[in-house]
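# Inside the fold
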Amino acid sequence: MAEEAGVTLTEHCYIIRKKGILSEEPIIKGTRTPVRAVVRLWQSGYAPEEIPSGLPHLSLAAVFDALSYYCDHREEINDHIERNRVPPELIHPSVRHL
């Protein structure tokens, strides 16, 4: 990984870490969208090609790169997912089924 002006580059061209953004969690370059957000959509059943419909600021290439990063760093991203999970008891009953 290389670093330039508060940005840490990764081996994936669309994935960076940036000081001051999400505690330097891996994000999509040029956005504040964490890799975990793309992974959660994919795990929820969205095809990679569908994800840019809901996140139009992401290109399909960025989505596939985020999923590729996940494949290479599964434990790290799963940890970010778990740490950011909202406990069921904190979710209002009217939105639990969504």
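Right, let's walk through the structure included here. Just so it is clear, the model here is predicted, and its values are computed rather than measured. (Residues numbered from 1 in each chain as written. Predicted model: local features only at pLDDT ≥ 70, side-chain atom pairs only at ≥ 80, totals over all residues. Heavy atoms only, no water.)

### Concerning the layout of surface pockets
One number sums up the size of the largest pocket: a volume of about 170 Å³. Lining the largest pocket are Arg36, Arg40, Ile81, Asn84, Arg85 and Val86. Residue classes in the lining of the largest pocket are distributed as 2 nonpolar, 1 polar and 3 charged. (1 Å grid on protein atoms, 1.4 Å probe; cavity = no way out; pocket = protein on both sides within 12 Å on 5 of 7 lines; lining within 4 Å. Points joined across faces, edges and corners; volume = space filled by probe spheres on them. Nonpolar A, V, L, I, M, F, W, Y, C, P; charged D, E, K, R; others polar.)

### Overview of the nonpolar core
Grouped together as the largest cluster of nonpolar side chains are 16 residues, with contacts concentrated most on Ile28, Val35, Val38, Val39 and Ile77. Counting residues per element, the ones that place at least two in this core are helix H1 (35-43), helix H3 (60-72) and helix H4 (74-83). Per element, the largest residue contribution to this core is 6 residues, and it comes from H3. If sequence neighbours within four positions are ignored, valine 35 has contacts with Ile15, Pro26, Ile27, Ala66, Tyr69 and Ile77. (Core = buried A, V, L, I, M, F, W, Y, C linked by side-chain atoms within 4.5 Å. Buried < 20%, exposed > 50% of the residue type's maximum accessible area, 1.4 Å probe, protein only. Helix = DSSP H or I, 4+ residues; strand = E, 2+ residues; numbered from the N terminus. Contact = heavy atoms within 4.5 Å.)

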